[in-house]
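The residues making up each chain are set out below.
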Amino acid sequence: MKERLDQLTLKDLIELSCGEYSVLNDRDEIPTVEEYTARVASIMSEYKSIATPVQARIELNDAEKVSKYGIKEKCARIAQTLCLSGHSEKAREILILLGIDAAHLQTDELILARCQSIIGEVDYEMKRLGEMKNKRKSKTRSVDQVRRSWYSEIASVMSIFRMSIDLDINAAIYANLVRQAVERSKALSKMPPTARMFM
């Protein structure tokens, strides 16, 4: 099974983004749905990190926040359980490691209240991040819309570089062309109109 962006052509990448996972097959292998899903996510992430690194960083930051909130909630629940089972000192140590001032953790009631506060905060933030993610996903597009989006991007890159792009180009090379096209467009937009004529 193909595992990297540079093992695909641009045509394969478009098909993959439209749900045609068979472009990842190397031989007569029959991967599971989970294997396909993991590989597709990895390849599309690799494409985004090359072509649109800012967007890739935003998505990575969101994933990192979710992970940190999950760890924070688990620590609070462990501290809560320890406190309820008579191990207040260990619970206090965990909360101090989470950055809570020891002065706010003098009694069992304060420890339990702080644990509940952390759990509530995490729950709120996870719902907020989930809603943001759902808003982005709610813009689900049909296969035709996805294809049109790719073709529009390709046409844009071709017009910026004044060159033809073959769909059999390596997908990693194309991702780099997209990034360079974006950078070139930004640079051109900052130039005076008379200077753009010579670019």
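These numbers were taken from a predicted model, which means no experiment stands behind them.

Draft legend 1. Up close: the overall build of the protein chain. A tally of helices and strands in the protein chain yields eight helices and zero strands. Taking 16 Å as the expected radius of gyration for a compact globule of 199 residues, we find that the protein chain reaches 24 Å, considerably beyond that expectation. Projected onto its principal axes, the C-alpha coordinates of the protein chain cover approximately 70 × 55 × 25 Å. For the protein chain, contacts bridging at least 24 residues in sequence account for 57% of all contacts bridging at least 6. Averaged over its 31 positive side-chain charges, the protein chain has a centre that lies 7 Å from the centre of its 29 negative ones.

Draft legend 2. Summary view of the confidence of the model for the protein chain. Looking at the protein chain, pLDDT values average 88 and 93% of them are 70 or higher. Of all helices and strands in the protein chain, the one with the weakest mean pLDDT is helix α8 (residues 193-196) (58), whereas helix α1 (residues 10-17) scores best (95).

Draft legend 3. Spatial organisation of α1. Burial in α1 covers these residues: Leu 10, Asp 12, Leu 13, Ile 14 and Leu 16. Contacts from the buried residues of α1 go to α2 (33-51), α6 (143-161) and α7 (171-190). Backbone geometry just after α1 places Gly 19 at a positive phi near 100°.

Draft legend 4. Quick peek at the packing of aromatic side chains. Applying the stated criterion across every chain, the model contains three aromatic pairs. Judged by centre distance (5.6 Å) and plane angle (40°), the ring pair of Tyr 21 and Tyr 36 falls under tilted. In this pair, Tyr 21 is assigned in the loop between α1 and α2 and Tyr 36 in helix α2, connecting sequence segments 15 residues apart. With 6.5 Å between their ring centres and 10° between their planes, Tyr 47 and Tyr 174 make a pair best called stacked.

Draft legend 5. A look at the pattern of salt bridges. Following the criterion strictly, the structure yields ten salt bridges and no others. Glu 15 is the partner of Arg 147 in a salt bridge, and the nearest nitrogen-oxygen pair spans 2.7 Å. Separated by 132 residues along the polypeptide, Arg 147 in helix α6 and Glu 15 in helix α1 bring together distant segments of the chain. Overall, the relative accessible area of 21% leaves Glu 15 in the partly exposed class. We note a salt bridge from Arg 77 to Glu 73, for which the minimum N-O separation is 3.1 Å. Linking Arg 77 with Glu 73, this pair stays in helix α3 (residues 53-84), spanning four residues, or about one helical turn.

Draft legend 6. Layout of the nonpolar core. Counting residues in each nonpolar core, the largest one holds 31 residues, and the members touching the most others are Leu 5, Tyr 47, Trp 150 and Tyr 174. Elements represented by at least two residues in this core include exactly α1, α2, α6 and α7. Those residues in contact with Leu 5 that lie beyond four places of it in its chain are Leu 13, Ile 43, Glu 46, Tyr 47, Ile 50, Asn 170, Ala 171, Ala 172 and Ala 175. Counting residues in each nonpolar core, the second largest holds 16 residues, with Ile 94, Leu 95, Cys 115 and Ile 119 among its members.

Draft legend 7. Structural view of the packing of α2 against α7. Interaxial distance between α2 and α7 falls to 7 Å at its minimum, and their mutual angle equals 35°. Within the contact between the two elements, α2 uses Tyr 47, Ile 50 and Ala 51 and α7 uses Tyr 174, Ala 175, Asn 176, Val 178 and Arg 179.

Draft legend 8. Structural detail: the environment of Gln 80. Its place among the elements puts Gln 80 in helix α3. Taking the C-alpha atoms as reference points, Gln 80 and Arg 141, 61 residues apart in sequence, are found 44 Å from one another. Not counting residues within four places of it along the chain, the set of residues in contact with Gln 80 comprises Leu 112, Cys 115, Gln 116 and Ile 119.

Draft legend 9. A look at the side chain of Asp 12. Note on placement: Asp 12 falls in helix α1. The buried charged residue Asp 12 lacks any salt bridge partner; its closest oppositely charged side chain belongs to Lys 2, at an N-O distance of 4.2 Å. Excluding its chain neighbours within four sequence positions, the residues that come into contact with Asp 12 are Lys 2 and Val 23.

Draft legend 10. A look at helix α4 (residues 88-97). Those residues of α4 that sit buried are Ser 88, Ala 91, Arg 92, Ile 94 and Leu 95. Seen end-on, α4 carries its buried residues on one side only, within an arc spanning 160°. Gly 99 lies just past α4 and shows a positive phi near 95°.

Reading the values: the criteria
Residues numbered from 1 in each chain as written. Predicted model: local features only at pLDDT ≥ 70, side-chain atom pairs only at ≥ 80, totals over all residues. Heavy atoms only, no water. Helix = DSSP H or I, 4+ residues; strand = E, 2+ residues; numbered from the N terminus. Rg over C-alpha atoms; globule rule 2.2 N^0.38 Å. Contact = heavy atoms within 4.5 Å. Lys, Arg positive; Asp, Glu negative; His and termini not counted. Charge placed at Lys NZ, Arg CZ, Asp CG, Glu CD. pLDDT = per-residue confidence, 0-100. Buried < 20%, exposed > 50% of the residue type's maximum accessible area, 1.4 Å probe, protein only. Phe/Tyr/Trp six-rings, centres within 6.5 Å; stacked < 30°, edge-to-face > 60°. Salt bridge = Lys/Arg side-chain N within 4 Å of Asp/Glu carboxyl O. Core = buried A, V, L, I, M, F, W, Y, C linked by side-chain atoms within 4.5 Å. Axes fitted to C-alpha atoms, helices over the stretch in contact; angles between N-to-C directions. Arc of directions from axis to C-beta.

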